[in-house]
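Secondary and tertiary structure notes
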Amino acid sequence: MKLSILTATFNRGDLLQRLYESILENLKTNIDVEWLIMDDGSNDDTEKIISKMRDENKIYIRYLKQVNQGKMAAINHLMDYARGDLIIECDSDDYFAENAFLYLKDAYEESKYEKDLYGLCFLKYDQNGNNIGNEFKNQKTTMFDLYFKELEDGEKAIAFFKDRRKNYSYELEGEEKFITEARMYHKMDEKYKMVCINEPIMICEYQDEGYTKNIMEQFKKYPFGYYMYFKEILHKNMKGVLFKKRLYAIKHFLLFWYLTKKTKK
């Protein structure tokens, strides 16, 4: 099995070493790994740090650099180079848990011939060993059902089957640089499901300048993508979706409709 790890980074050179070391520690699983990195216009020592890693020649690392376009555009560009049977995104401030590649390999071998799946969904933990969210209730589900029917509210780690993932990309609106990953996931949900495994494969550390901690600022900066995301949700079959989740979607659709109108003025 070959694993492609995709990382978009911007001025996170000081954190990449930790991610690199977590990849090396997981090589005991004996799978083929490639690490594809898109530098989104960094002006720190990112390139120098990655060059040193490449010189060690312990794993294949492909380093590319673009004028700052945001994480989603960076990942879209990296997808052109991904050759793994499984493709997983890992942010520069995250890193892999112990035995992560073993869990990935075992799950892949068990499900690689199932044509109705687009990926494998695992847990994420924080640095204190706490699950970021809840354990899975169902062995197979979609991302829409997971968050709108099964009431998940935390982050998950998804490893995609290459031949499914290659048919999708993050859809950005106009000149915006960010959109929730869920917009792409929901489109994949229309044709496929994912297998859920209650094991952690990724450890998260949220940075002060990161997307997650500054979500309200992201809402204001990138309203058009979110407007389209919630508009698409309201066109879905809402059977089985609790009233509070329907209300959540309606309220956010109206919020981003207002923000898009305000932005145009």
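Residues numbered from 1 in each chain as written. Predicted model: local features only at pLDDT ≥ 70, side-chain atom pairs only at ≥ 80, totals over all residues. Heavy atoms only, no water.

1. Some remarks on the packing of aromatic side chains
The geometry of two aromatic rings is summed up by the distance between their centres and the angle between their planes. Heads up, the condition is: Side-chain rings of Phe, Tyr and Trp (the six-membered ring for Trp) are treated as a pair once their centres are within 6.5 Å; stacked means planes under 30 degrees apart, edge-to-face means over 60, and tilted covers the remaining angles. Here a strand is any run of E in DSSP of at least two residues, a helix any run of H or I of at least four, and the numbering for each starts at the N terminus. Partly exposed describes any residue whose relative accessible area lies between the buried limit of under 20% and the exposed limit of over 50%, with all areas from a 1.4 Å probe on protein chains only and scaled to the type maximum.
A complete count under the given rule lists 16 aromatic pairs for this structure. With centroids separated by 4.8 Å and ring planes inclined at 15°, the aromatic side chains of Phe144 and Phe148 adopt a geometry described as stacked. Highlighted residues: Phe144 and Phe148, both in helix H5 (residues 143–148), separated by 4 residues, approximately one helical turn. With relative accessibility at 6%, the residue Phe144 sits in the buried group. Here the aromatic rings of Tyr226 and Phe256 are separated by 5.1 Å at their centres, their planes lie at 15°, and the arrangement is stacked.

2. With respect to helix H1 (residues 13–25)
Let me state the cut-off plainly: Directions are taken from the helix axis to each C-beta atom, and the arc is the one they span. It only takes one pair of heavy atoms within 4.5 Å for two residues to be counted as in contact.
Every buried residue of H1 is listed here: Gly13, Leu15, Leu16, Leu19, Tyr20, Ser22 and Ile23. When H1 is viewed along its axis, its buried side chains cluster within an angular range of 160° and face the same direction. In H1, the exposed residues that point more than 90 degrees away from the buried face are Asp14 and Glu25. Lining the buried residues of H1 we find strand S1 (2–9), strand S2 (32–39), helix H2 (46–56), strand S3 (60–65), strand S5 (94–96) and helix H4 (100–111).

3. Side note on empty space enclosed by the protein
Quick note on the threshold: In this analysis a 1.4 Å probe is tested at points of a 1 Å grid over the protein atoms alone, and where it fits but cannot get out there is a cavity; an open set with protein on both sides within 12 Å along at least five of seven lines is a pocket; lining residues have an atom within 4 Å of a point. Grid points are joined across faces, edges and corners, and a volume is the space filled by probe spheres set on the points. When residues are sorted by character, Ala, Val, Leu, Ile, Met, Phe, Trp, Tyr, Cys and Pro go into the nonpolar class, Asp, Glu, Lys and Arg into the charged class, and all the rest, Gly among them, into the polar class.
The final tally for this structure, using the stated rule, is 1 cavity of 30 Å³ or more. Here the largest cavity defines a volume of roughly 30 Å³. Contributing to the lining of the largest cavity are Asn134, Glu135, Phe136, Lys137, Leu146, Glu150 and Glu152. Partitioned by chemical class, the residues of the lining of the largest cavity number 2 nonpolar, 1 polar and 4 charged.

4. Focus: the layout of surface pockets
Each pocket or cavity is described by its volume, and for the second largest pocket that value is around 190 Å³. Ala107, Glu110, Gln139, Val195 and Ile197 are the residues nearest the centre of the second largest pocket, which is lined by 13 residues in total. Counting residues per element, the ones that place at least two in the lining of the second largest pocket are H4 and strand S9 (193–204). Top element by residues in the lining of the second largest pocket is H4. It accounts for 5 residues. For the lining of the second largest pocket, the residue count by class is 6 nonpolar, 2 polar and 5 charged.

5. Here's the deal with the pattern of salt bridges
The cut-off we apply is this: In the sections that follow, a salt bridge refers to a side-chain nitrogen of Lys or Arg positioned within 4 Å of a carboxyl oxygen of Asp or Glu.
Applying the stated criterion to the full structure yields 19 salt bridges. Here Lys156 and Glu152 are joined by a salt bridge, their closest N and O atoms 3.2 Å apart. The class of Lys156 is buried, set by a relative accessible area of 9%. Using a relative accessible area of 3% as the deciding quantity, one classes Glu152 as buried. Across the pair Glu173 and Arg183 runs a salt bridge, and its minimum N-O distance is 2.9 Å.

6. Focus on a positive patch on the surface
To keep it simple, the criterion reads: Nonpolar side chains (Val, Leu, Ile, Met, Phe, Trp, Tyr) are joined into patches within 5 Å and like charges within 9 Å, using only residues with over 30% relative accessible area and no salt bridge. Computed with the Shrake-Rupley method and a 1.4 Å probe, the accessible areas treat only the protein chains shown as cover for residues. None of His or the chain ends enter the tally, which takes Lys and Arg as positive and Asp and Glu as negative. The location of each charge is read from NZ of Lys, CZ of Arg, CG of Asp or CD of Glu.
Taken together, the side chains of Arg54, Arg62, Arg83 and Lys166 define a basic patch exposed on the protein surface. Within the element layout of this structure, Arg54 appears in helix H2. When its relative accessible area of 42% is taken as the criterion, Arg54 is described as partly exposed.

7. So, the nonpolar core
Here is the rule we go by: Throughout this description, the term nonpolar core refers to a set of buried Ala, Val, Leu, Ile, Met, Phe, Trp, Tyr and Cys residues connected via side-chain atoms within 4.5 Å.
Judged by nonpolar contacts, the single largest core of 47 residues is most densely connected at Leu6, Met143, Phe230 and Ile233. Setting aside residues no more than four positions away along its own chain, Met143 makes contact with Tyr118, Ile158, Tyr185, His186, Asp189 and Met194. Within the second largest apolar cluster, 38 residues are counted, among which are Ile5, Val33, Ile197 and Met202.

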